[in-house]
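Read off the chains here:
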Amino acid sequence: MTQLALNRPARSRRPRSRRRSARKAGLNALGVLVALITLFPIFYMLSTSLKPATEIYSLTPHLLPSHPTLSNYRAVIDGSGAPDPYWTFLKNSLFVTVVAVLLAMVIALLAAIAVARFRFRLRTTYLIMLLIVQMLPQQALVIALFLDYKSWNLLDSLVGLILVYTAFALPVTIWMLRNFVAAVPREMEEAAAMDGAGPYKVFYRILLPLVAPGLVATSVFAFIFAYNEFVFALTFLLTDTSKFTLPLYVQYFYTRSGANWGAIMAASTLFTIPVMVFFLIVQRRMVTGLVAGAVKG
Amino acid sequence: MVRTITGRPGRATSPAGSSEARHARPSSVRHRVAVFIRRYRLAPYVLLVPSLLAVGILILYPTVQILVHSFQNYGLPQVVGVQPITWVGFSNYSQILHDPEFWSSLRISLIFAAVVVPLTLISGTLVGLLLNRLGRKMSTFVASSAMLAWATPAVSASVIFYWLANPDGGIADWVMSKLPGLGGSAHWAGYSWTNSALPAYTLLTALLVWQGFPFIAVSVLAGLKTIPSELHESARVDGAGSWRIYWRVTYPLLKPIYLVLLLLSIIWDFGVFTQVYLIIGPGNPDEYNLGMYEYERAFTQPPSYSVASALAFVLTLILLIITVGYVRSSVRQGAIK
């Protein structure tokens, strides 16, 4: 905005500020428009999930339900439409996600300390390997993993999912955590060591508290990856519906409910809302983490 | 932070003493391991062991297995153990090369990436530039709604877009019939978006741009924040318009970021699977992209893991070639310090 002022020094104050506020209003209107378009699919999911069947299949779609009802939610939560109630799938998803995130964080933190604090042979090789591994297509690897899991008896098992989610979350989380560990001034650790703290103490008292925000930002990525993951769940969870995670629960309604869109949207909402709430809570750190992890490398 | 340092010396003395006492016991196995690790500077390697095990067993080993399986005959009889696994040389690959469905799926993947990647980059850039000029509150609001689209799970997003474009009660047909010059309701009432490749991939394009632009926008915004505002100001004083300023000042400075974003987008859009699986679904081989075709060859009856492995290896190889560019540009930007 100051650029504008510099550009037209001759004009009087009032028209300039009017022009400026018109320009600002235009930009704000554009911003609102972008936000509305972006939010529309999410809004329409919520709206449809609250509509009774008669309104869902009407020829002229309405933005809001005129007779809102929770019957779609009742149908998908109590399990009359699915083999098990919603809570089973939520529990499975949270269990798999939380354990995988915790495992990935511990393993990634160790690796991040190694690459951020030590210079050693093969360090560059290791980092490049992470970059490459991150890009391998899951739908390709899942063929070999399916055959392995079959022989390791890990099909239809939540443990199997936890293992694969941990491993596939690692490249990104190590890469992100590395920046956070490197940002902790080495002098602080050295000062603590001079004062007689052993390596474990330096870790618990200095490094861990200072890396904690980074751990949170990074774990959000691991969380979203594991909670949303579909390909492995689709392939590894075969017959035992009580082991299904939420993505498969949504897919179950999607493929077998006979186009009952109210129920599908209700299931989809119940799957999406937890991750969105979680995401909004940590959003500020999230954007920082996204930028630190992706753009800086 | 300062608190930690100043609070430290007083408390640190006694545990340090106890660790000294532990070191005094030479027979302890833990002590000997610690000395060994220190003498040979093994600490970084020890720290890397868990990640190497996880990545090695669950990512690298399967990649090698795909290559191995692609030179074997590996189907249901071999999995059950009725027939032995035999080496078949390049026959799986020659089978693929003579398979019209492979070429059609490869073509779809290429065209799809060629359309979606520029659309995502352009829309993301425009939103990023807009975010940079909005006030603080407005910018946060728009960025948050964009990030909600980004955080929407691929499964939910696919199901929502399928519903938006559903012939019975979906909103897309209704909107299209209201738009002038597109044929009206005679053409659009009950129009199915998923019955043939072109409309299905139009829908997928909308879906992937919707999911993909927030990441580009936020990355571009982060890049814009690093450009000193004097550069833009002086360009404006010299009389340059927004378009010229973008191409002469902003873009050259953001070029490294764009290279990474471009390569990442290509990798994601060429290899897209979940959305294609849910919107096109199994059973429509004419509309498969490469990832979908490979997956279906492996997991629809009768499964042919070897042909699917050959397809998977082709897919992996294409993505690896792009990844090499990504790694090189990352290294050049000093990502591996």
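Residues numbered from 1 in each chain as written. Chains lettered and ligands numbered in written order. Predicted model: local features only at pLDDT ≥ 70, side-chain atom pairs only at ≥ 80, totals over all residues. Heavy atoms only, no water.

Before going further, it helps to examine the confidence of the model for chain B. Residues and elements named next belong to chain B. Mean pLDDT over chain B: 86, with 92% of residues reaching 70 or higher. Segment residues 1-22 is flagged for pLDDT under 50; beyond a separation of four residues in sequence, or across chains, it makes 18 contacts in the model. Model confidence for the complex is summarised by a pTM of 0.86, with the ipTM given as 0.86. (pLDDT = per-residue confidence, 0-100. Contact = heavy atoms within 4.5 Å.)

This paragraph deals with helix 12 (residues 246-256) of chain A. An α-helix turns once every 3.6 residues. As a result, residues three or four positions apart point the same way. Residues and elements named next belong to chain A. Of all eleven residues that make up helix 12, nine are buried, and the element is covered over most of its length. Within helix 12, burial applies to Leu246, Pro247, Leu248, Tyr249, Val250, Gln251, Tyr252, Phe253 and Tyr254. A positive phi of about 65° marks Gly258, the residue just after helix 12. (Buried < 20%, exposed > 50% of the residue type's maximum accessible area, 1.4 Å probe, protein only. Helix = DSSP H or I, 4+ residues; strand = E, 2+ residues; numbered from the N terminus.)

With that out of the way, let us pick up empty space enclosed by the protein. Throughout the structure, instances matching the rule amount to four cavities of 30 Å³ or more. Here the largest cavity is characterised by a volume of approximately 1,600 Å³. Lining the largest cavity are 50 residues, and of these Gln134(A), Gln138(A), Phe225(A), Trp150(B) and Trp268(B) sit closest to its centre. (1 Å grid on protein atoms, 1.4 Å probe; cavity = no way out; pocket = protein on both sides within 12 Å on 5 of 7 lines; lining within 4 Å. Points joined across faces, edges and corners; volume = space filled by probe spheres on them.)

In this structure, Leu161(A), Val164(A), Tyr165(A), Phe232(A), Phe236(A), Tyr249(A) and Leu204(B) are the most contacted members of the largest nonpolar core, which totals 181 residues. Counting residues per element, this core draws most heavily on helix 5 (residues 86-117) of chain A, at 17 residues. Excluding its chain neighbours within four sequence positions, the residues that come into contact with Tyr165(A) are Val96(A), Ala100(A), Phe225(A), Ala226(A), Glu229(A), Phe232(A) and Ala233(A). Among the nonpolar cores identified, the runner-up in size contains 13 residues, and Val127(B), Val142(B), Phe213(B) and Ala217(B) belong to it. (Core = buried A, V, L, I, M, F, W, Y, C linked by side-chain atoms within 4.5 Å.)

Between chain B and chain A, the contact holds 106 residues from the first and 111 residues from the second. Both sides together, the interface formed by chain B and chain A hides about 9,500 Å², and carbon and sulfur atoms give 77% of it. Along the contact surface separating chain B from chain A lie zero salt bridges. Split by residue class, the side of chain B that touches chain A holds 76 nonpolar, 22 polar and eight charged. (Buried area = accessible area lost by both parts, 1.4 Å probe. Salt bridge = Lys/Arg side-chain N within 4 Å of Asp/Glu carboxyl O. Nonpolar A, V, L, I, M, F, W, Y, C, P; charged D, E, K, R; others polar.)

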